[in-house]
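A structural walkthrough
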Amino acid sequence: MSFLRGSRALMGSRALVGFRTLVGFRTLVGFRGDFRDFSKHFGGSSGDMVGFRPLEGSRGPLQRSYTEDSRFSSKRVRRMFVDFFQQNHQHRAVPSSPVRPRGDPSLLFVNAGMNQFKPLLLGSADPRSEMSSYRRVVNSQKCVRAGGKHNDLDDVGRDVYHHTFFEMLGNWSFGDYFKEEACAMAWSLLTEHYGMSADRLYVSYFAGDSSLGLPADEETRRIWLDIGVPMERVLPFGLKDNFWEMGDSGPCGPCTEIHYDHVGGRNAALLVNSGSAEVVEIWNLVFMQYNREVDHSLRPLPLQCVDTGMGLERLLSVLQRKHSNYDTDLFTPLLSAIQQVSSCPPYGGRTGAADQRRVDMAYRVVADHVRTLAVCIADGVYPGMSGSELVLRRILRRALRFSVEVLQAPRGMLANLVPTVTELLGDAYPELHRERERIMEIISENEDQFLSSLQHGRRIINQTLQRNHQLFPAHVAWSLHCNLGFPLDLLDLMLEERGVQVDRSGLDLLRAEQEKRQAEVRLSGSELQLDVHSLASLQNEGVAHTDDGPKYLYHLENLRHVFPECSATVQTLFCGGSQVSEVSVGQRCVMVLDRTSFYAEQGGQSHDQGYLVRDGETDVLHPVEDVSVSGGFVLHQVTAAATLRPGDLVHLHLDQAKRLACMVKHTATHILNWALRCLLGAGVEQRGSHVTADRLRFDFSVKGSLSVPQLQQLENLVLNVIAENQPVYSQEVPLELARTIPGLRTVDEVYPDPVRVVSVGVSVAELLDGRKDGRNSVELCCGTHVLRTGAIEDLVVVSEKQFVKGVSRIVAVTGPQATQARETGQVLAQDVECLSARFTACSPSSLQAAQRQAKEVGLLTDAVENSIVPQWQRRELQGTLRSLQRRSNTTLRKMEVKQAAEGALCILQRTGDRPVLVEAVDTECPSVLMKTVNQLSLRLPRSLVMLLAHQVHSGKVLCACQVPQGSVALSASEWAAAVCSHLNGAAGGSMLVAKGTGRSDDITAPLKWAEHFAWIRTQSSD
């Protein structure tokens, strides 16, 4: 067929997608530009599909029909990959894990398909888990590479192939097949099923590294040559290109890569791994043989495994004959949707100097980043202030900057692209459909916060550039990054438009200094304190105590808390514990102001953070990192971004999101305290509390842990107050007068006089004059609080337990975190209900079925224990699961005893009464093996009995033995140790019974050896 006719059939029309594309798409956008340019770029004539063969036989044994999709749509290509391995090569299809790593602190995000299988690679998988049975696996894994070792964020948008989110198609072998089979399957899929021409493919292999003592991977080289790849297309490369590592530590090994030449008809070996866009890597086959330890040494893994990864986006660019990943059907609907609501021309695919206004770069940034945001938020990673949440916050802000400033898109466009993302990816990852509204809401909320910061940042940049700096000052760049949330690469791009560069060496120095300070703080704690001599000096000099009243001067506007700017005068500065007359750029100091709106850590509430600017220098932001109070002086820990001196007039800016989150948790803590007193009586005493932006902790006296009904009642009491949206009052009152308030809650600490009284629902004046009886929440408190209880939104107690006798600790979350906890609890409750119903419906008919049932109970028990859910619900589910566990254990024991008895009888019928009985049994269960030994010993009380069970798939050998009471010739522990040592394993036990493990390809010889050993020992004793 002609290329033009085929391209129309293959890729669809180039019809523009209307604004309703933002809430879903149906039209795929085809190739942009002249088809002669297409053939010129990729080689061949307009009448050929160069580099591909027809799909004759491509379905082969694959049974699923693909007629509903176009020739190489993303959905079809993804499905073909999974079906090839599942149907043709007996792989188990496993769903993608969430992008939030499961219990792996070494990762910010799942960045490779193998992350979820790391326990298998390390041999640490729970034997009760389904994962422990995996041998061959295939899937399409959601991956994010932004932050950490594998970080593509800075490159996204600059070229046409980098992404922060991508899909990794992969197949794995865990102790099953290895290099030969992996290479053969990969070659077959690419050339026979996807129809790629073999003469466009090149392969690389590991050339070895003498410094690490790693030899060249000659085995892989020979495999490719045997497959038929010409010698000049099998290329050696070093550690950087052909030794794959997940991170600074973890599984790793040599790899072989398959590269595709877009041009063809030539020898392109020199372009492999050269960075050329014409020859690209499409598939990486990693042979996991080692683990990179924390000390950087390499340690062999317990199993030789295969881990392959092929990015779906890049594969599609080859199969759909596109020079860019962004021209495939994973992105074209997004790009069209962006164009329809922006003030820019359609996406043109330009890069570098050709993309003069960075419009096409902005298209790519927004399209990539909205996919990442949608996937992460759906998986429970929200924009925040630390770890993966901080990275996601920077991704969001980077997308918003390009959307607003370059594409000139209206506010809200980013959130309105989410339905298009869910339409593109939702079939493969259905959680995107379920969480669509939440994703849009979170993006919209964060957009509002950032746009004001972006406007401020632009003003700072413009003012700084007006001073004609040759290099943009590092301290200004760092201040923008830390205080306003500007990603540094975003700043680079904004400056690049003006022909200016950041002072990179100065920036690196500031980054290193911050990392050093953070390490020092982790080791020695906060430096924010003055010694007795410094405090005395301030008093002697007549320095006034800091007026911190402005920290309470906030109000409600349209149901939102508004925090006005506070102006203050610098009274004095300290550096290194000494009073100084000035501090210069980069110096860390303690600043004492005459007044402040910053909250100093006290009363169990975390300190504020933010920044200050000197009057007339709004472009120079001095970060306020810590705040404490000592002797009436509020101490601000500040890193100077410019010269600061006593007498300077400064303007203070809070991190409002953090302050508001603390206020929410603090008011919720007061209501919780009141609810506990209502529930348990006046004898309940507060034993401690701590409030952060993330959660609240409350310790209280009680004889034992709360019951499930009590936890439910407690939450309901709090939720009723929240739903009533009661006002929260605060007023300073003379201490003695405050103590007369009925129902006042206090803790064992020294209070100021006058003291601040915080009351929920009833004004302090009404409490003082006796018009109300004090049955509401009323406490002495210096903390900051929301002005109405409705701002809390929701509260869930996620943990309650006694950490010392008579004192329980509650941990609770509020707002969206609480709602998420309830949703997680509902999902787990449904899972437990389904499992319980299966228990009731039928009993397992075999030992294997009973083992699977017990494993399910164990897995669900772990999920309930470790998930953030309402504590009352956790307790209920745990009770149900304990009952199921007891039933499962009883059934399992009965099945094991039955199988052991049958096995023992079968052995006795075959062997009769022997003084030394050594036999092989077919079981994977150590408990059944030992019970069979016990049964035989009961029937043969004078015999030495040993049984071996060979696990053929892994080569593992289970061993169990028992000797007669009073045996002198040979103890069970000695016998088992000798046999397992012979099998390169180990054993342990007592004089009478013992067990162990070893490894062997065949146990015929080990059986004879074990029997001979026992005979020799018994005969020598005679």
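An account of the accompanying structure is given in this report. Being a predicted model, the structure only gives us computed values, none of them experimental. (Residues numbered from 1 in each chain as written. Predicted model: local features only at pLDDT ≥ 70, side-chain atom pairs only at ≥ 80, totals over all residues. Heavy atoms only, no water.)

1. What about the overall build of the protein?
Along the protein, the regular secondary structure elements total 29 helices and 32 strands. Residues counted as buried form 54% of the 1022 residues belonging to the protein. Restricting the contact set of the protein to residue pairs at least 6 apart, pairs at least 24 apart contribute 71%. Per element, the accessible surface of the protein, about 44,100 Å² overall, is 50% carbon and sulfur. (Helix = DSSP H or I, 4+ residues; strand = E, 2+ residues; numbered from the N terminus. Buried < 20%, exposed > 50% of the residue type's maximum accessible area, 1.4 Å probe, protein only. Contact = heavy atoms within 4.5 Å. Areas by Shrake-Rupley, 256 points an atom, 1.4 Å probe, with all protein chains shown as cover.)

2. Looking at the sheet that holds strand E32 (residues 993-999)
Spatially, E28-E29-E30-E32-E31 is the arrangement adopted by the five strands of the open sheet, whose pairing is mixed. Each end of this open sheet is capped by a strand with a single partner; those strands are strand E28 (916-920) and strand E31 (986-989). On average, adjacent strands in this sheet sit at an angle of 15° to one another, irrespective of strand direction. Note: E31 against E32, four bridges, orientation antiparallel. The residue of E32 that forms the bridge with Ala987 is Gly996. Along the sheet, helix H26 (residues 871-911) contacts E28 and strand E29 (944-951); its crossing angle with E28, the most-contacted strand, is approximately 120°. Where helix H28 (residues 972-982) meets the sheet, it contacts E28, E29, strand E30 (956-962), E31 and E32, and its direction lies at approximately 5° from that of E32. (Pairing = 2+ DSSP bridges. Axes fitted to C-alpha atoms, helices over the stretch in contact; angles between N-to-C directions.)

3. Section: the sheet that holds strand E25 (residues 778-780)
Read from one edge of the open sheet, three strands run E23-E24-E25, paired in antiparallel fashion. Edge positions in the open sheet fall to strand E23 (728-733) and E25, since each of these has one partner strand only. Pairwise comparison of adjacent strand axes, ignoring direction, gives a mean angle of 20° for this sheet. As paired strands, E23 and strand E24 (residues 755-760) are joined by six bridges and run antiparallel to one another. Bridge pairing links Glu732 to Arg756 in E24.

4. Some points on helix H25 (residues 847-866)
Compared with an ideal rise of 1.5 Å per residue, which puts 20 residues at 28 Å, H25 spans 29 Å between its outermost C-alpha atoms and is within 8% of the ideal. Every buried residue of H25 is accounted for by Leu847, Ala849, Ala850, Gln853, Ala854, Val857, Gly858, Leu860 and Val864. Where the residues of H25 are buried, they touch helix H24 (815-841), H26 and helix H27 (926-939). (Expected span 1.5 Å × (residues − 1).)

5. Focus on the pattern of salt bridges
The tally for this structure, following the rule as stated, stands at 38 salt bridges. Asp492 is the salt-bridge partner of Arg504, the closest N and O atoms lying 2.8 Å from each other. Here Arg504 is found in helix H18 (residues 504-524), whereas its partner Asp492 is found in helix H17 (residues 488-496), with twelve residues between them in sequence. Residue classification places Arg504 among the partly exposed positions, given a relative accessible area of 37%. For Arg914, the salt bridge goes to Glu919, with nearest N and O atoms at 3.6 Å. According to the relative accessible area criterion, Glu919 is buried, its value standing at 14%. (Salt bridge = Lys/Arg side-chain N within 4 Å of Asp/Glu carboxyl O.)

6. Focus on the packing of helix H11 (residues 387-406) against helix H15 (residues 436-465)
Helix packing for two helices is described by the angle between their axes and how far apart those axes are. The geometry of H11 relative to H15 is characterised by a closest axis approach of 10 Å and an angle of 70° between their N-to-C directions. Taken together, H11 and H15 sit at an angle that is classed as roughly perpendicular. You can see that H11 and H15 cross each other, and the crossing is right-handed. Residues Leu396, Arg397, Leu400, Arg401, Val404 and Glu405 of H11 pack against Ile443, Asn446, Glu447, Gln449, Phe450, Leu451, Ser453, Leu454 and Arg458 of H15. (Parallel < 35°, antiparallel > 145°, perpendicular 65-115°, else oblique. Left-handed = near helix turned anticlockwise from the far one by under 90°.)

7. Topic: the pairing of strand E21 (residues 686-691)
Bridge count for E21 against strand E22 (residues 696-701) is five bridges, and the pairing is antiparallel. In the strand pairing of E22, Gln686 is matched with Phe700.

8. A short note on the packing of helix H10 (residues 359-378) against H15
For the pair H10 and H15, the least separation of the axes is 9 Å and the interaxial angle reads 115°. H15 is crossed by H10, and the crossing has right-handed handedness. Contact residues: H10 offers Leu373, Ala374, Ile377 and Ala378, while H15 offers Ile439, Ile442 and Ile443. A breakdown of the residues in the contact of H10 with H15 according to their chemical character gives seven nonpolar, no polar and no charged. (Nonpolar A, V, L, I, M, F, W, Y, C, P; charged D, E, K, R; others polar.)

9. Brief notes about the packing of aromatic side chains
For any two aromatic rings, the description comes down to two numbers: the centre-to-centre distance and the angle of the planes. Inspection of the entire model under this criterion finds 17 aromatic pairs. Measuring from ring centre to ring centre gives 6.4 Å for Phe72 and Tyr194, while their planes differ by 70°; the resulting arrangement is edge-to-face. With Phe72 in the loop between helix H2 (35-42) and helix H3 (74-88) and Tyr194 in the loop between helix H5 (179-193) and strand E4 (201-206), the pair connects residues that are 122 residues apart, well separated along the chain. Each member of the pair, Phe72 together with Tyr194, is buried. Ring centres of Phe85 and Trp283 lie 6.4 Å apart, and the angle between their planes is 90°; this geometry places the pair in the edge-to-face category. (Phe/Tyr/Trp six-rings, centres within 6.5 Å; stacked < 30°, edge-to-face > 60°.)

10. Let's talk about helix H6 (residues 218-227)
Those residues of H6 that sit buried are Thr220, Ile223 and Trp224. Angular distribution of buried residues about the axis of H6 spans 95°; they occupy a single face of the element. In this structure, the buried residues of H6 make contact with H5, E4, strand E5 (234-237), strand E7 (250-261) and strand E8 (279-292). Gly228 sits one or two positions beyond H6 and adopts a positive phi of about 120°. (Arc of directions from axis to C-beta.)

11. Brief notes about the side chain of Gln289
By secondary structure assignment, the location of Gln289 is in strand E8. Taking relative accessible area as the criterion, Gln289 reaches 17% and is therefore assigned buried. Those residues in contact with Gln289, other than ones at most four positions away along the chain, are Phe178, Lys179, Cys252, Gly253, Pro254, Arg299, Pro300, Leu301 and Gln304.

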